[in-house]
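Per-entry structural report
Below are the chains, spelled out letter by letter.
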Amino acid sequence: MMTLYEFGPTRSLRPRWMLQELGVDFETISVDLIAGEHRDPDFLQVNPAGKVPVLVDDGLILNESAAIVLYLAEKYPDRGLLPTDPRQRADAYRWILFAVTELEQPLWRISKHTALYPEEDRLPADVALARRDFLPMAAVLERHMKDRTYVVGDRVTAADFIVAYTLDWAGEAQLLGDCPTLRSYVERMYARPRAPRRIGEIFRAMRSAAAA
Ligand SMILES: N[C@@H](CCC(=O)N[C@@H](CS)C(=O)NCC(=O)O)C(=O)O
């Protein structure tokens, strides 16, 4: 059985979403980043980078959330979660890479400079710059999604799970105010019966568990 190393609201949600949509059996191992479990020697053997997610599948050890999602799409070609037409497949790759570079990287900078770096290392000016980088890229996707249900073609693909998760993150950072099309796309995607929990919901559950 496949094993997903994951932690709550992180990019682990991308492969979890894919696995849930595929409806395949998988087990999970939680790596508590807050408790520093990603620095345990046992986990560093699995991923020397000390990051989640990681998928282990019969001797294959794969990190990088988008690579895991693409691997799973190719492992189960009959599910049709990656287009077979080369141009449509190229379009799926394009939006996945757009999500993990143009959208995610500014979001990651914002998370680091507002919550993850030690307070004395945080640079408010970089938060402002990252917001400035993000907004025009979100506007590009907003225009692309007008009159579309899915990112590529007319059915759901792996690209949607990656893009929708990334936009949920953007919503948490209050960056989708000018993007009504993207906000309703995110709602629609997370209304799918096999969607994972929303990032905000997981954070709220973590906070109330810590307070209890
Ligand atoms: N590009 C990687 C990023 C992985 C990543 O940075 N994961 C974070 C959680 S979202 C992590 O494990 N951080 C622990 C650390 O950097 O110390 C991916 O998409 O899988």
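Residues numbered from 1 in each chain as written. Predicted model: local features only at pLDDT ≥ 70, side-chain atom pairs only at ≥ 80, totals over all residues.

1. Things to note about the overall build of the chain
Within the chain one finds eight helices and four strands. Counting helices and strands in the order they occur from the N terminus, the chain gives β-α-β-α-β-β-α-α-α-α-α-α. Here the C-alpha atoms of the chain give a radius of gyration of 17 Å, agreeing with the 17 Å that 2.2 N^0.38 yields for 212 residues. Referenced to the eigenvectors of the C-alpha coordinate spread, the extents of the chain come out at roughly 45 × 45 × 30 Å. For the chain, buried positions account for 33% of its 212 residues. Of the contacts formed within the chain by residues at least 6 apart in sequence, a portion of 64% connects residues at least 24 apart. (Helix = DSSP H or I, 4+ residues; strand = E, 2+ residues; numbered from the N terminus. Rg over C-alpha atoms; globule rule 2.2 N^0.38 Å. Buried ≥ 20, exposed ≤ 12 C-beta atoms within 10 Å, placed from the backbone. Contact = placed C-beta atoms within 7 Å.)

2. Here we look at the sheet that holds strand β1 (residues 2-6)
One open sheet holds the four strands; their spatial order is β2-β1-β3-β4, and the pairing between them is mixed. Both edges of this open sheet fall to β2 (26-30) and β4 (60-63), since each of them pairs with a single strand only. The sheet shows a mean angle of 20° between the axes of neighbouring strands, direction not considered. Of the pairings in the sheet, the one linking β1 to β2 comprises five bridges and is parallel in character. The residue bridging Thr 3 from the neighbouring strand is Glu 27, located in β2. (Pairing = 2+ DSSP bridges. Axes fitted to C-alpha atoms, helices over the stretch in contact; angles between N-to-C directions.)

3. Digging into unusual backbone geometry
In this structure, Pro 53 follows Val 52 across a cis peptide bond, with omega equal to 5°. In this fold, Pro 53 is placed in the loop between α2 (41-46) and β3 (54-57). The phi dihedral of Gln 174 is positive, around 60°, even though this residue is not glycine. One can find Gln 174 in the loop between α6 (158-172) and α7 (180-190). Residue Gln 174 is classed as exposed on the basis of its 9 C-beta neighbours within 10 Å.

4. Re helix α4 (residues 86-116)
An ideal rise of 1.5 Å per residue puts 45 Å on 31 residues; α4 reaches only 40 Å between its terminal C-alpha atoms. At Glu 104, α4 is deflected by roughly 50°, the largest bend along its length, and proline Pro 106 occurs up to four residues later in sequence. Ala 92, Trp 95, Ile 96, Phe 98, Ala 99, Val 100, Leu 103, Glu 104, Pro 106, Leu 107 and Ile 110 are the residues of α4 that are buried. On its buried face, α4 is in contact with α3 (65-75), α5 (124-145) and α6. (Expected span 1.5 Å × (residues − 1). Bend = angle between axes of the 7 residues up to and from the residue.)

5. Things to note about the domain arrangement of the chain
Its domain assignment divides the chain into domain 1 (2-79) and domain 2 (86-190). Just the C-alpha atoms count here: the centres of domain 1 and domain 2 sit 21 Å apart. Contacts between domain 1 and domain 2 engage nine residues on the former and six residues on the latter. The greatest single-element share of the side of domain 1 that touches domain 2, amounting to five residues, is contributed by helix α1 (residues 13-22). (Domains from an automatic or database assignment.)

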